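Residues per chain are reported as follows:
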Amino acid sequence: MNNVFQVNILLVDDRPENLLALEAILDSPDYRLVRAHSAEEALKCLLTDDFAVILLDVQMPGLNGFETAMLIKKRERSKYIPIIFLTAISKEDQYVFKGYSVGAVDYMFKPFHPDLLRSKVAVFADLYKKNQALLREREARAGVEAGHRYLSFLVDLSTLLASTLDYQATLEGVARFAVPRFADDCIIDMLEGESLRRAVVASADPARKEFIRTLQERYPPKPEAPYGAAKVLRTGVPEHYREVTDSLLKGLGHDDAFLKIVKQWGVKSAVVVPIAVRGRTLGTMTLLSAESGRVYSDEDLAITHELARRAAFAIDHARLYREAQEEIAERKRAEAALKESEARFRLMADEIQKKEDELRLITNALPVLISYVDAEQRYRFNNKAYEAWFGHLTDEVRGKTVREVLGEAAYKAIQPFIEAALKGERMSFERWVPYKEGGERYVSAAFIPHIGREEKVEGYIALFTDLTERKWAEEALKRKSIEAEEASRIKSEFVSNVSHELRTPLNAILGYTHLLLDDTYGPLKGDQKVPLQGVLRNAEDLVNLVNGVLDLSKIESGKLSVILEEVDLVSVVQDILSGMKPLFREKSLQVRLNKAKELPAIQSDREKIRQIVVNLLSNALKFTIEGEITITLRSLPERDGIEVGIKDTGIGIQQEELPKIFNAFHQVDATSTREFGGVGLGLAIVKELTGLLKGEIRVESNYGKGSTFTLFLPCR
Ligand code: ADP
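Bear in mind the structure is a predicted one, so any value in this text is a computation, not a measurement.

Caption draft 1: Spatial organisation of the overall build of the protein. What the protein contains, in helices and strands, is 20 helices and 22 strands. For the protein, the proportion of its 716 residues judged to be buried stands at 38%. Long-range contacts, defined as pairs at least 24 residues apart, comprise 60% of the intrachain contacts of the protein with a sequence gap of at least 6. Accessible surface, the protein as shown: approximately 42,100 Å² in total, 55% of it carbon and sulfur.

Set out below in structure tokens:
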């Protein structure tokens, strides 16, 4: 086994006994003795191991010692190994010189003195050991120095990466860090979605930076390219191009122009490393050497890989930081929104409370009894009037069911209304209901469903109005009007009877007075006729009054019936006028009749029309001192009737009197000294009769100038 404390010593001799002898002399724990039986075997050993010294036999079949030494000295690996020639025969000086000339350090003759051999070998072994120690020390020093450089690189990089949490700034920092320390150009491509985005280009020469940009635009990297960033992105494994060759550039899959341009650029060596974190490749970093002539070594690749690894961490940190910041901002926004909505909600709640208070205030001020009951038939709100009437205070019954509160019997009475209302129907009733203080009261009730969202019935509002007083008043009124009707009927009957009974004696008075004035009972003296004529006039007035009262009471008692026949109004009016002619002539009044050419005959009651027209003409005659009376007859086809206008130039009627003159016994001037006769029944009879004939009577008057009464009669 190879022992680190042992030095290798190569023994070369074709005779095994000689080798054995050498071994015996040199046997020591400090040495590892390697035997070679021929020159070929020795050369083979020298390919794999280092030796402190070679003991080389000169006379050997095949290659002799000198030839072997020459080959040893030719080889880089073995040229400094000291060779001691051993020989039994070639003692001549020329051999000795030959030996030295091919690089021997010593020449020993057999049989040699063991101590001498041992001491010579020991010198070379020691020399070798010292040399080795020196080499190790130098290596160690170089290692420490490299370690220092690496450490300072890491410190610088860490400082750089810690200085920013911004993604782009981090990438730019890394690129600046790499150029010109490790590269002439540094390109960072980051994965965005599916494709690579050129994130940063840094160059020692600004012109080249621009050049790289244009190149990228003209030749965007192909994702399927077998080399470069695209490949690293696919595999996640670094690529190392000690030498950037033509075939490599061709492999990127662009045209010859591309090849030419890149050659001008003069890229010599390149490394491409993945920027990966947590097993995910985020992008690639490419370092290129051009004018600096740097050739990337394995160590460079390792450093670049480390650089990219740290950059990836920093980017990941930046991303996490950005996400955290966004999350914080988002949380702050959400908190603010929550606060705002809380405030809005509070405002709304206040508003609702205010509205509810207002509603309560209004409903409490209403005299109507109001109760709101929910879909489970539980009381929710009773207004003050309800509370007072039923004695069910909101605070005491809220949440209790109607059945619980009213008791089974009272609930049964209104159950159908409640159930219908909760099905969405509007219900109402009026009836006597038991009152809490005893007895019964008359109420009207309405059950109005409360239809909420999505047409769902959420409850009902019961409205009650206590109509007891009104009911009583109505009933009293009904009783009174029945009594009044009865009294009126009795009165009319009485008046009718009395009038009738008055007519008989009055007619006797009239008859006898006429006979007396006609001298039937002997001639009367001249002045005896005057008072008798007064008796006659008064008696006639009395007959008129009695007839009027009789007519009116007949009409009022409903005993007067309408007898329909075909009536020719013109002839009726002409007939009346001819009868009254002497009276007009007596007062020197002009009478004119205007009639339309074609007047239809009407279906009506001739006698009643006659009485109406006579009454109106009598008034016109009575209240006109001078001038004329005009009667106009015209057809009103649009109303299917005929109009009779009676216009006088008499005293006229004041406006405020107009509505009253159709009342029975009403006279505009009712003093005892009034100038005109009459009892105030004429127009009352006119109005009643017109009503019976389904006609209309109206009056217009110009006080002091005259009046016009207009009668409308329907054709049918
Ligand atoms: P009277 O028997 O008093 O005429 P009426 O009922 O016929 O009673 O008329 C009522 C009152 O209407 C009359 O007293 C009179 O004051 C007034 N009146 C009726 N017709 C006329 C008229 N054509 N011109 C003026 N006043 C009239």
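Now that the structure has been shown, we can carry on.
Caption draft 2: Spatial organisation of the sheet that holds strand S10 (residues 280-289). The antiparallel open sheet is built from 5 strands, whose spatial order is S7-S6-S10-S9-S8. Either end of the sheet is taken by a strand with one partner, and the two such strands are strand S7 (195-203) and strand S8 (239-241). Shown here is a sheet whose adjacent strand axes are inclined to one another by a mean of 15 degrees, direction ignored. As paired elements, strand S6 (residues 185-192) and S7 share 8 bridges and run antiparallel to each other. Directly across from Ile188, in S7, lies its bridge partner Val200. Lying on the sheet, helix H11 (residues 298-365) is in contact with S6, S8, strand S9 (269-277) and S10; it crosses S9 at an angle near 30 degrees.

Caption draft 3: A look at the sheet that holds strand S2 (residues 31-36). Sheet architecture is open: 5 strands sit in the order S2-S1-S3-S4-S5, paired in parallel fashion. Every interior strand has two partners, whereas the edge strands, S2 and strand S5 (104-109), have only one. Strand-to-strand twist of the sheet, defined as the mean angle between neighbouring strand axes without regard to direction, takes the value 20 degrees. Strand direction decides the pairing type here: strand S1 (residues 7-12) and S2, joined by 6 bridges, are parallel.

Caption draft 4: Just the packing of helix H19 (residues 606-622) against helix H20 (residues 682-692), in detail. Orientation of H19 relative to H20, taken along the N-to-C sense of each, is 150 degrees, at an axis distance of 9 Å. Considering the angle they form, H19 stands roughly antiparallel to H20. Where H19 crosses over H20, the two elements pack in a sense that is left-handed. Of the residues in H20, those in contact with Lys608, Gln611, Ile612, Asn615, Leu616 and Asn619 of H19 are Gly682, Leu683, Ile685, Val686, Leu689, Thr690 and Leu692. For the contact of H19 with H20, the class distribution of residues is 7 nonpolar, 5 polar and 1 charged.

Caption draft 5: Expanded view of the site of the ligand. Around the ligand, a shell composed of 21 residues is seen, among which Asn619, Lys622, Asp648, Gln667 and Leu683 lie nearest. Here an oxygen atom of the ligand and a side-chain polar atom of Lys622 are 2.9 Å apart. Within the backbone of Leu683, one N or O atom sits 2.9 Å away from an oxygen atom of the ligand. Taking 530 Å² as the accessible area of the ligand by itself, protein coverage stands at 97%. Elements that contribute at least two residues to the shell around the ligand include exactly H19, H20 and strand S22 (706-714).

Caption draft 6: Up close: the side chain of Asp648. Along the polypeptide, Asp648 turns up in strand S20 (residues 641-648). Engagement of the side chain of Asp648 in a polar contact is seen with the backbone nitrogen of Gly650, the distance being 2.9 Å. Contact partners of Asp648, with chain neighbours within four places excluded, come to Ala620, Thr624, Glu628, Ile629, Lys705, Gly706 and Ser707.

Caption draft 7: Here's a closer look at the environment of Tyr442. On the secondary structure map, Tyr442 appears in strand S14 (residues 440-451). In this structure the C-alpha to C-alpha distance between Tyr442 and Thr465, which are 23 residues apart in sequence, comes to 8.6 Å. Within the structure, the side chain of Tyr442 is placed 3.0 Å from the side chain of Glu430, a separation counted as a polar contact.

Caption draft 8: Focus on the environment of Asn594. Inspection of the secondary structure assignment puts Asn594 in strand S17 (residues 590-595). Apart from the residues within four sequence positions on either side, Asn594 is in contact with Thr630, Ile631, Thr632 and Leu633.

Caption draft 9: Examining the nonpolar core more closely. Of all hydrophobic cores here, the largest spans 44 residues; its most connected members are Ile602, Ile609, Leu616, Leu617, Ile646 and Phe709. Element by element, the count of residues in this core is highest for helix H18 (residues 569-586), at 8 residues. When sequence neighbours within four positions are dropped, the list of residues in contact with Phe709 reads Leu616, Val644, Gly645, Ile646, Ile653, Ile661, Phe662, Leu683, Arg698 and Val699. Counting residues in hydrophobic clusters, the runner-up holds 32 residues, among them Ile188, Ala202, Tyr296 and Ala312.

Caption draft 10: Looking closely at the environment of Val668. Along the chain, Val668 falls in the loop between S20 and H20. Each C-alpha atom, one on Val668 and one on Leu658, is 9.2 Å from the other, the two residues being 10 residues apart in sequence. Beyond its immediate chain neighbours, meaning those up to four positions away, Val668 contacts Ile653, Glu657 and Ile661.

Caption draft 11: Quick peek at H20. Three or more residues of H20 are buried, namely Leu683, Ala684, Ile685, Val686, Leu689 and Thr690. Buried residues along H20 sit against helix H17 (529-556), H19, strand S21 (696-702) and S22. One or two steps after H20, the chain reaches Lys694, where phi turns positive at roughly 60 degrees.

Caption draft 12: Seen up close, the pairing of strand S3 (residues 53-57). With 5 of 5 residues buried, S3 is to be regarded as a mostly interior element. Along S3, one buried face is formed by Val53, Leu55 and Asp57 and the opposite face, lined by Ile54 and Leu56, is buried too. Here S1 pairs with S3 via 4 bridges, running parallel. Pairing of Ile9 across the sheet is with Val53, part of S3.

Caption draft 13: Quick peek at the side chain of Asp57. Turning to its location among the elements, Asp57 is positioned in strand S3. Residues contacting Asp57, with those up to four places away along its chain left out, are Val12, Asp13, Asp14, Gly65, Leu86 and Lys110.

Caption draft 14: Region of the structure containing the packing of aromatic side chains. Going through the model one piece at a time under the given rule, you end up with 17 aromatic pairs. By the ring-pair criterion, three or more aromatic residues cluster together here, those being Tyr386, Trp389, Phe390, Phe417, Phe429, Tyr435, Phe447, Tyr460 and Phe464. In this structure, Arg441 is placed above the aromatic ring of Tyr435, and the distance from its NZ or CZ to the ring centre is 5.6 Å. Lys471 extends its terminal NZ or CZ atom over the ring of Tyr442, reaching a point 4.5 Å from the ring centre.

Caption draft 15: Here's a closer look at the pairing of S14. Here S14 lies mainly inside the structure; 9 of its 12 residues are buried. Across 8 bridges, strand S13 (residues 427-434) lies against S14 in antiparallel orientation. In the sheet register, Val433 faces S14, and the bridge partner there is Arg441. From the end of S13 to the start of S14, which pair antiparallel, there are 5 residues, and Gly438 there has a positive phi angle of about 95 degrees. When S14 meets strand S15 (residues 457-466), the two strands line up antiparallel, connected through 9 bridges. Bridge pairing in S15 places His450 opposite Gly459.

Caption draft 16: Quick peek at unusual backbone geometry. Looking along the chain, the bond that leaves Val179 and enters Pro180 is cis, with omega of 5 degrees. Structurally, Pro180 can be placed in the loop between helix H6 (167-178) and S6. The phi angle at Asp519 is positive, at roughly 65 degrees, despite the residue not being glycine. Look at Asp519 and you get partly exposed, because its relative accessible area is 31%. With a phi close to 55 degrees, Asp640 is a non-glycine residue in the positive phi region. Position of Asp640 among the secondary structure elements: in the loop between strand S19 (628-636) and S20.

What counts and how
Residues numbered from 1 in each chain as written. Predicted model: local features only at pLDDT ≥ 70, side-chain atom pairs only at ≥ 80, totals over all residues. Heavy atoms only, no water. Helix = DSSP H or I, 4+ residues; strand = E, 2+ residues; numbered from the N terminus. Buried < 20%, exposed > 50% of the residue type's maximum accessible area, 1.4 Å probe, protein only. Contact = heavy atoms within 4.5 Å. Areas by Shrake-Rupley, 256 points an atom, 1.4 Å probe, with all protein chains shown as cover. Pairing = 2+ DSSP bridges. Axes fitted to C-alpha atoms, helices over the stretch in contact; angles between N-to-C directions. Parallel < 35°, antiparallel > 145°, perpendicular 65-115°, else oblique. Left-handed = near helix turned anticlockwise from the far one by under 90°. Nonpolar A, V, L, I, M, F, W, Y, C, P; charged D, E, K, R; others polar. Near = heavy atom within 4 Å. Polar contact = N/O pair within 3.5 Å; in protein donor to acceptor, adjacent residues only side chain to side chain. Core = buried A, V, L, I, M, F, W, Y, C linked by side-chain atoms within 4.5 Å. Phe/Tyr/Trp six-rings, centres within 6.5 Å; stacked < 30°, edge-to-face > 60°. Lys NZ or Arg CZ within 6 Å of the ring centre and 35° of its normal.

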